[in-house]
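For reference, the chains in residue letters:
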Amino acid sequence: MLKNQHNLVGNFLTMLNSTKSSVRDYLIKQLPTATAFINTRFEVVHASDQWIDSFEFSAPEVFGATIFELFGETGERWRPILESCFKGTCSKQNIDSYFNDSGEEVHIQWRNLPWYDENENIVGAIIQNQDVTQRIVNEQKLVKLGAFLDEKSKTAKIGSWELDINRNIWWCSMTKEILGVPESYIPSQESILSFFKEGESQQKMIKVTKLALEKGKPWSDKFQIITKNGEEKWVICTGNPLYQNGETTGLIGTFRDITEKVNQDAKSKEKEHLLQTLIDHLPINVFIKDTKARKILANKHELEFFGLQHENQILGKDDSHFITGESLKACLADDFYVIEKGKAILKKENTVVLNNGKEVTFSTSKIPLLDEDKNVIGLVGISLDISDQKVKEEELRRLINVTSLQNKKLVDFAHIISHNLRSHAANFSMLLEFLVTEKDKDEKQNITQMLVKASDGLLESLDNLNGVVAISTNINIDKKQINLSKSINKTANQLSDLLLKNNVTFINNVTESVVVKAIPEYLENILNNFITNGVKYRESTRDSFVKFKTTKEENYTVLSIEDNGIGIDLKKHGDKMFGMYKTFHHNEDAKGIGLFFTKKQIEAMNGKVEVYSEVGVGTTFKIYFNDKS
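Residues numbered from 1 in each chain as written. Predicted model: local features only at pLDDT ≥ 70, side-chain atom pairs only at ≥ 80, totals over all residues. Heavy atoms only, no water.

1. Side note on helix 16 (residues 484–494)
Then, in step 1: Within helix 16, the full set of buried residues consists of L484, S485, S487, I488, T491 and A492. What you see down the axis of helix 16 is that its buried residues fit within an arc of 165°, all on one side. In helix 16, the exposed positions angled more than 90 degrees off the buried face are occupied by K486 and N493.
Then, in step 2: Among the residues of helix 16, the N-terminal cap falls to N483, whose side-chain oxygen and the backbone nitrogen of S485 are separated by 3.3 Å. (Buried < 20%, exposed > 50% of the residue type's maximum accessible area, 1.4 Å probe, protein only. Helix = DSSP H or I, 4+ residues; strand = E, 2+ residues; numbered from the N terminus. Arc of directions from axis to C-beta. Polar contact = N/O pair within 3.5 Å; in protein donor to acceptor, adjacent residues only side chain to side chain.)

Written out as structure tokens, the structure reads:
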């Protein structure tokens, strides 16, 4: 019998000692484990190839060398353990580390046993080694991974669970924490369902578990649970089948608490709903566009403006689907200015033309939409329809202009009245004074006749002033569409005797299709006046003519009345051309009232008149008839 179980190796060596030396050495050389035999002087006597190779030694440097020579400081740490082994004490398995020639850390697991001879005397120690570097590295990684997963599980509130082949259930600490049970709680199949809220969540869990076990179908779904203390939570539970030999042997999965996220989502949806409700009830157009100027939000007012019923009819589309022409280019240019420059456009007035031809004027503000990093991700637009306001502004502006013009006319009229009446009053005063002091009967008769002429002159002046008042006050007389060529011919026929008597040729080059908007009485007076003037101021030394023709200039039909008469020096008389009682020739019939009235009547029809003249060549009057108003 051996002294103890550790003598088994020693007896094996006794058997080796009884074997031939070469055979013994060969057997030790081929041992499958890294094994070395050292004597009591700590010298290596025998060693397996595995032992030599594991330390990257060579046979010549190993045999006869001491442990301390081979391993340095590490070997010195082994000295007390080996000395105990020489006394018959077996060491426990130990792990030691060293750095090889490549600088890599190597982990060695080793154990020492006494080496007995055939007489059971201890002659040294047997060292058995195993390179466990990879195992140690894996264990360290596993520890780190476990710590990382534990920390991640706590941070993300993700637990894990397992159902094994015997239908035993395991929950990790986080799963238990989520479900509100103590660490010592042992779950069972019967108790699991009680944590899922009755109804949809409970029925869904039964269904997905059955499909996973019977058909190997994994799942990931949202469930509502009730913890041990009655608290309601939302979780994402996943499950994946485990297989062995093609058969489902269990399930493994995760348990993640998403209560906070669900509550935040609910609050966000509530805020979104409130914001959408507010935006929809604003009496203005509100929209949000992405970086490609496509709408990603539009309020109710915006939809109604474009005649749409649902938001999906406008989302993802830019303005080209609703606006046309130059207004589209302007809107898109503003969009990309805000998006690319990151600068706002505030209260810009722009008129848009819809695809149906409708024109609308907006006051629009566009503001860059920024993310958390201050990058532009779109724009927010606010548009207010100011079409009615612009119409009212234009009407107000027109009224102001009319009032201003009327005031000016009133001032001018006051000057005319003051001048004319003062002249007549002075004339009357002087004649009456002569009449009172005159003794001669015939002279008194002569003064009386002069008073009659002065009275006729006063009446004529009052009549002219009444005409001015009539034109100035009747500003709302309706204009009619009048065929211009026919009106010219009609007036010329009425003056045919005058034209024929003075040998003046009448030329009408106005086509039958030309129609103007005018007050009939005013137009007749205007044509009469200009034809008469063409006759009055003809050049007697040459054949005379009065010529009519029309052209188009923007919103006006322009009637040109040309004659080859004596002309007017516009440098000298141009600023007084249309003044009341202004005459520029020694013509007995000239009263200086015709052109004044003509200009007033043209302006009363929202038109204008221009004159071009050269002395000795002739004169051209251009009358602008307003086509729009």
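Let's pick the thread back up.
2. Describing the pairing of strand 5 (residues 122–131)
Then, in step 1: With six bridges joining them, strand 1 (residues 34–39) and strand 5 adopt antiparallel strand pairing. Considered in strand 5, the bridge of N39 is made with G124.
Then, in step 2: Between the antiparallel neighbours strand 4 (residues 105–116) and strand 5 lie five residues, among them E120 with a positive phi of about 60°. (Pairing = 2+ DSSP bridges.)

3. Let's talk about unusual backbone geometry
Then, in step 1: In this model, R167 sits at a positive phi of 65°, which is unusual for a non-glycine residue.
Then, in step 2: A relative accessible area of 33% places R167 in the partly exposed class.
Then, in step 3: For N606, which is not glycine, the phi dihedral falls at a positive 60°.
Then, in step 4: Along the chain, N606 falls in the loop between helix 20 (594–604) and strand 22 (608–614).

4. A look at the environment of N129
Then, in step 1: With respect to the helices, strands and loops of the structure, N129 is situated in strand 5.
Then, in step 2: Separated by 79 residues in the primary sequence, N129 and Q50 have C-alpha atoms spaced 9.2 Å apart.
Then, in step 3: Dropping the residues within four chain positions of it, N129 is found in contact with A34, W51, F55, I108, Q109 and W110.
Then, in step 4: Polar contacts involving the side chain of N129 include one to the side chain of W51, which spans 2.5 Å. (Contact = heavy atoms within 4.5 Å.)

5. Section: the sheet that holds strand 21 (residues 556–563)
Then, in step 1: Overall, mixed pairing links the five strands, which are arranged 18-20-21-23-22 in an open sheet. The open sheet has two edge strands, strand 18 (504–508) and strand 22, and neither has a second partner. Mean inter-strand twist for the sheet, computed between neighbouring axes without regard to direction, equals 15°.
Then, in step 2: Pairing geometry for strand 22 and strand 23 (residues 618–626), over seven bridges, is antiparallel. By the bridge assignment for strand 23, V611 is matched with F621.
Then, in step 3: Where helix 16 meets the sheet, its contacts fall on strand 18, strand 20 (544–553) and strand 21, and the angle it forms with strand 18 comes to roughly 165°.
Then, in step 4: Along the sheet, helix 18 (residues 520–536) contacts strand 18, strand 20, strand 21, strand 22 and strand 23; its crossing angle with strand 23, the most-contacted strand, is approximately 170°. (Axes fitted to C-alpha atoms, helices over the stretch in contact; angles between N-to-C directions.)

6. Considerations on the pattern of salt bridges
Then, in step 1: Going through the model one piece at a time under the given rule, you end up with 22 salt bridges.
Then, in step 2: Across the pair E76 and R79 runs a salt bridge whose closest N-O atoms are separated by 3.2 Å. Residue E76 and its partner R79 are both found in helix 6 (residues 73–86); the two are separated by three residues, about one turn of the helix.
Then, in step 3: Residue R79 is classed as partly exposed on the basis of its relative accessible area of 28%.
Then, in step 4: When salt bridges that share partners are traced, they join K289, K295, E302, D319, D335 and K366 into one network. (Salt bridge = Lys/Arg side-chain N within 4 Å of Asp/Glu carboxyl O.)

7. Examining the pairing of strand 14 (residues 345–354)
Sheet faces and side chains relate simply in a regular strand, where the side chains alternate between the two faces.
Then, in step 1: Examined bridge by bridge, strand 13 (residues 323–324) and strand 14 share two bridges and lie antiparallel to one another. Residue pairing for strand 14: T324 is matched across the bridge by V353.
Then, in step 2: Summarising the sheet, strand 14 and strand 15 (residues 359–370) pair through seven bridges and their orientation is antiparallel. Of the residues in strand 15, the one forming a bridge with V353 is E359.

8. Here we look at the environment of S84
Then, in step 1: Along the chain, S84 turns up in helix 6.
Then, in step 2: Sequence separation of S84 and L113 is 29 residues, and the distance between their C-alpha atoms is 9.9 Å.

9. Thoughts on the sheet that holds strand 6 (residues 158–163)
Then, in step 1: Spatially, 7-6-10-9-8 is the arrangement adopted by the five strands of the open sheet, whose pairing is antiparallel. This sheet does not close on itself; its edge strands, each paired only once, are strand 7 (169–171) and strand 8 (219–226). Sheet twist, expressed as the mean angle between neighbouring strand axes with direction ignored, is 25°.
Then, in step 2: Bridge count for strand 6 against strand 7 is three bridges, and the pairing is antiparallel. For E162, the partnering residue across the bridge sits in strand 7 and is W170.

10. Section: the packing of aromatic side chains
Then, in step 1: Scanning all chains against the criterion turns up 20 aromatic pairs.
Then, in step 2: Judged by centre distance (6.1 Å) and plane angle (75°), the ring pair of W51 and F71 falls under edge-to-face. Taken together, the residues span a long stretch of sequence, with W51 in helix 3 (residues 49–54) and F71 in helix 5 (residues 67–71) at a distance of 20 residues.
Then, in step 3: Relative to F362, the ring of F305 has its centre 5.0 Å away and its plane inclined at 75°; by these criteria the two rings are edge-to-face. Of this pair, F305 sits in helix 12 (residues 300–305) while F362 sits in strand 15; the two residues are 57 residues apart in sequence, bridging distant segments of the chain. No difference in accessibility class separates F305 from F362, as the two residues are buried.
Then, in step 4: Every member of this aromatic cluster is reached through a ring pair, and the members are W51, F57, F71, W78 and W110.
Then, in step 5: Over the ring of F223 we find K204, and its NZ or CZ is 5.0 Å from the ring centre. (Phe/Tyr/Trp six-rings, centres within 6.5 Å; stacked < 30°, edge-to-face > 60°. Lys NZ or Arg CZ within 6 Å of the ring centre and 35° of its normal.)

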